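Examining the three-dimensional arrangement
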Amino acid sequence: MILFLAARPVTAPPVRPARPVRPSPRRPRLRLRLRSRPLAPYRRIFAVPGTRAFTAANLLARLPMGMLSVSAVLMIAGSRGSYALAGAVTATGLAATALVGPWTARLVDRHGQARIAVPATALAVLGSLSLLLCVRHGAPDWTLFASYAATATTPNTGGMSRARWAHLFRDDPAARHTANSFEQAADELCFMLGPVLATLLCTTLFPEAGTAVAAALLLTGVLLFAAQRRTEPPVAPAPATGRPRSPLRLPELPPLLVTFLATGAVFGSLEVVTIAFADGHGIRTAAGGLLALQAAGSCAAGLLYGLLRPSGRAGHRFLGCTAAMAALMLLPLLAAATGSLAALAVALLLAGMATAPTMVTGMGLVQSLTPPGQLNEGMTLAVTALLGGIAAGSAGGGWAVDHLAGTGAAYGVPAAAAALALTVTLLTARRRPNRPAAPVS
């Protein structure tokens, strides 16, 4: 009897292979996992502890970036009756940001995100509140310039978030590619929703509502972001030689910043020309929707680009992205020549799909060129170049609208800016590091 019981497990296995023929209740789960596999790169980066918390806080802090300038223009123009004054005030703030931003980023690299970002944000919020009170109580015009210039200490929240991803995945280029794609899509989303929210608050509540809400969101978001200490990059040790060299002295970085400058000119001119085109057709209210389509195309392309396996060399990918941007920016020019708003809407949607991959790959190159201890400063320089390009593009687009025959011809300005970005990339491609992308695990 004992021998019989001991022998039973030996004869059992030959019977079991027939069981998988029967329907298994687990198959639907397997198909569900297979269907969700395309999102695996994003699930992978957000599986790291702390990443969801700092990302949510950073999105809250980043949304005001698309609100502050629009809110200031609506608030000042509504109370003083002068768009020229409103534009001059915001331009002054942009110039101050270009000067102060890299300095603030250098302090973040030297002393840590939490120690610098919180007081810098507090000073910027005080500047916004000062602007609000000066407008509300009819203070002299010079106080508006001084108040808005104080907001230049606003830290580069997007750069700080990218620095955390770069630290967490410092040995995983594929994960950094996915993270940079997500960050670019988040930028597009915030700059798409920010102006809409600012306009809604300023027009439905009171003119100062947009600035007040933006300041509150900025301070709250930065405080929550700074509280996430476990994902914060370590402070870079001070160099033994004293003051660290500026990333601008790296031979490969200035040409790359020129490309960012030209890409910013694409954004700035496209916005002004689209508003003028819609206004010329008597439907200025449609301008916001047209620009939202362009931002939506860029946001979707950024997310999809993060799902792709990065292959080839980073310099070659950047060249391909700028070439695609230069080609697709011809579409609005061709669509505007037809006079059809529907054709222009489709063209803007398609044109936007090339900008996010260009920015994602460009930011990746900035990260690879900049020393780890100066990452915030390097990315802030890239953002500063973008802001300068936006200002130049806005001015160039406005000039083209006033002086060229027909508003549609002004779409030649963003097309020319994209061509300039491609030209600079072609001329400097050999000077960039050509490291092959790591395979996705």
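Just so we're clear, the structure is a prediction, and the values are computed from it rather than from any experiment. Residues take numbers from 1 onward in each chain, read along the sequence in its written order. The model is predicted, so local features are restricted to residues of pLDDT at least 70 and side-chain atom pairs to those at 80 or more, both for listing and for counting; the totals for chains, interfaces and linings are taken over all residues. Calculated side-chain values reflect all of the structure's heavy atoms, with hydrogen atoms and water omitted.

**What about the overall build of the protein chain?**
- Strands are runs of DSSP state E lasting at least two residues, helices are runs of H or I lasting at least four, and both sets are numbered from the N terminus onward. A count of helical and extended segments in the protein chain gives 18 helices and 0 strands.
- Burial classes follow relative accessibility: with a 1.4 Å probe on protein chains only, a residue under 20% of its type's maximum area counts as buried, one over 50% as exposed, and anything between as partly exposed. When each of the 441 residues of the protein chain is scored for burial, the buried share is 46%.
- We call two residues contacting when some pair of their heavy atoms lies within 4.5 Å. A fraction of 84% describes how many contacts in the protein chain between residues 6 or more apart in sequence connect residues 24 or more apart.
- Here, Shrake-Rupley sampling with a 1.4 Å probe gives the accessible areas, and only protein chains in the shown set may cover a residue. Of the roughly 21000 Å² of accessible surface on the protein chain, 68% is carried by carbon and sulfur atoms.

**Some words on the packing of helix α14 (residues 314–328) against helix α16 (residues 341–369)**
- Angles run from 0 to 180 degrees between N-to-C directions of axes, and those axes are lines fitted to C-alpha atoms, restricted for helices to the stretch in contact. For the pair α14 and α16, the least separation of the axes is 8 Å and the interaxial angle reads 155°. One way to sum up the angle between α14 and α16 is to call them roughly antiparallel. Our pair here, α14 against α16, has a crossing hand that is left-handed. Contacts between α14 and α16 involve Ala314, Gly315, Arg317, Phe318, Cys321, Thr322, Ala324, Met325 and Leu328 from the first element and Leu350, Ala351, Ala354, Thr355, Pro357, Thr358, Thr361, Gly362 and Leu365 from the second.
- Under the grouping applied here, Gly and all other residues not named as nonpolar or charged are polar, the nonpolar ones being Ala, Val, Leu, Ile, Met, Phe, Trp, Tyr, Cys and Pro and the charged ones Asp, Glu, Lys and Arg. For the contact of α14 with α16, the class distribution of residues is 11 nonpolar, 6 polar and 1 charged. By definition in this entry, angles of less than 35 degrees are roughly parallel, angles greater than 145 are roughly antiparallel, angles of 65 to 115 are roughly perpendicular, and the rest are oblique. Helix crossings are classified by the rotation of the near helix relative to the far one: an anticlockwise turn of less than a right angle makes the crossing left-handed, while a clockwise turn makes it right-handed.

**What about helix α7 (residues 113–136)?**
- One fewer than the residue count of a helix, multiplied by 1.5 Å, yields its expected span. In a regular helix each residue adds 1.5 Å, so 24 residues correspond to 34 Å; α7 covers 34 Å between its end C-alpha atoms and thus fits that length.
- Where α7 terminates, the next one or two residues include Gly138, which has phi positive at roughly 70°.

**Some details on the packing of aromatic side chains**
- Between rings of Phe, Tyr and Trp, where Trp is taken as its six-membered ring, a pair exists when centres lie within 6.5 Å; planes separated by under 30 degrees are stacked, by over 60 edge-to-face, and by other angles tilted. This model, assessed by the stated rule, comprises 6 aromatic pairs.
- A ring pair is formed by Phe46 and Trp165, whose centres lie 5.5 Å apart and whose planes are at 85°; its orientation type is edge-to-face. Of this pair, Phe46 sits in helix α3 (residues 40–46) while Trp165 sits in helix α9 (residues 157–168), placing them 119 residues apart in sequence. Side by side, Phe46 and Trp165 carry an identical accessibility label, which is buried.

**Some points on empty space enclosed by the protein**
- Points on a 1 Å grid, built from protein atoms alone, make a cavity when a 1.4 Å probe fits but cannot get out and make a pocket when they are open with protein on both sides within 12 Å along at least 5 of 7 lines; residues with an atom within 4 Å of a point are the lining residues. Grid points are joined across faces, edges and corners, and a volume is the space filled by probe spheres set on the points. One pass over the structure, following the stated rule, counts 2 cavities of 30 Å³ or more.
- Looking at the second largest cavity, its volume works out to about 30 Å³.
- What lines the second largest cavity is simply Leu68, Ala72, Ser128, Leu131, Tyr148 and Thr211.
- Residue assignment for the lining of the second largest cavity shows that the elements contributing at least two residues are α5 (68–80) and α7.
- Looking at side-chain class alone, the lining of the second largest cavity contains 4 nonpolar, 2 polar and no charged residues.

**Topic: the packing of α7 against helix α11 (residues 209–226)**
- Running from N to C, α7 and α11 cross one another at 170°; their axes reach a closest spacing of 10 Å. By the angle between their directions, the pair α7 and α11 is classed as roughly antiparallel. Residues Gln113, Ala114, Ala117, Val118, Thr121, Val125, Ser128 and Leu132 of α7 touch α11, and the partners they reach there are Thr211, Ala212, Ala215, Leu218, Leu219, Val222, Leu223, Phe225 and Ala226.
- The residue inventory of the contact of α7 with α11, partitioned by class, reads 13 nonpolar, 4 polar and no charged.

**Digging into the pattern of salt bridges**
- Within this document, salt bridges are pairs made up of a side-chain nitrogen of Lys or Arg and a carboxyl oxygen of Asp or Glu, the two lying within 4 Å of each other. Counted according to the given criterion, the structure contains 6 salt bridges.
- The residue Arg44 makes a salt bridge to Asp172 at a minimum N-O spacing of 2.2 Å. Separated by 128 residues along the polypeptide, Arg44 in helix α3 and Asp172 in the loop between α9 and α10 (173–204) bring together distant segments of the chain.
- For Arg44, a relative accessible area of 31% translates into the label partly exposed.
- Within this structure, Arg62, Arg162, Glu183 and Asp187 form a network of salt bridges that share partners.

**Points about the side chain of Thr322**
- Locating Thr322 in the fold gives a position in helix α14.
- The class for Thr322 is buried, based on a relative accessible area of 0%.
- Excluding its chain neighbours within four sequence positions, the residues that come into contact with Thr322 are Thr259, Thr358, Leu422 and Thr425.

**Remarks on α16**
- Compared with an ideal rise of 1.5 Å per residue, which puts 29 residues at 42 Å, α16 spans 42 Å between its outermost C-alpha atoms and is within 8% of the ideal.
- Between N or O atoms, a polar contact is any pair within 3.5 Å; within protein, one atom must be a potential hydrogen donor and the other a potential acceptor, and residues adjacent in sequence are included only when both atoms are from side chains. The N-cap residue of α16 is Ser340: its side-chain oxygen and the backbone nitrogen of Ala342 are 3.4 Å apart.

**Let's talk about the nonpolar core**
- Counting 25 residues, the largest nonpolar core has Met325, Met329, Leu344, Tyr411 and Ala418 as the members making the most contacts within it.
- Those elements that provide at least two residues to this core are α12 (253–280), α14, α15 (330–338), α16 and α18 (412–428).
- In this structure Ala418 touches Val266, Met325, Ala326 and Met329, once residues within four positions along its chain are discounted.
- Here, nonpolar core refers to any group of buried Ala, Val, Leu, Ile, Met, Phe, Trp, Tyr and Cys residues whose side-chain atoms link them within 4.5 Å. In this structure, Leu63, Leu131, Ala139 and Cys190 belong to the second largest nonpolar core, which totals 23 residues.

**Structural notes on the confidence of the model for the protein chain**
- The pLDDT value expresses, per residue, how confident the predictor is, ranging between 0 and 100. Residue-level pLDDT values for the protein chain average 77, and 82% of them are 70 or greater.
- For the protein chain, the element scoring lowest by mean pLDDT is helix α2 (residues 27–36), at 38; α11 scores highest, at 92.
- Below a pLDDT of 50 lies the segment residues 432–441, which in the model reaches 32 contacts outside its immediate sequence neighbourhood of four places, other chains included.

**Notes on the environment of Leu217**
- When you line up the elements, Leu217 lands in helix α11.
- With 154 residues separating them in the primary sequence, Leu217 and Leu63 have C-alpha atoms 7.7 Å apart.
- Residue contacts for Leu217: discarding those within four places in its chain leaves Leu60, Ala61, Leu63, Pro64 and Met67.

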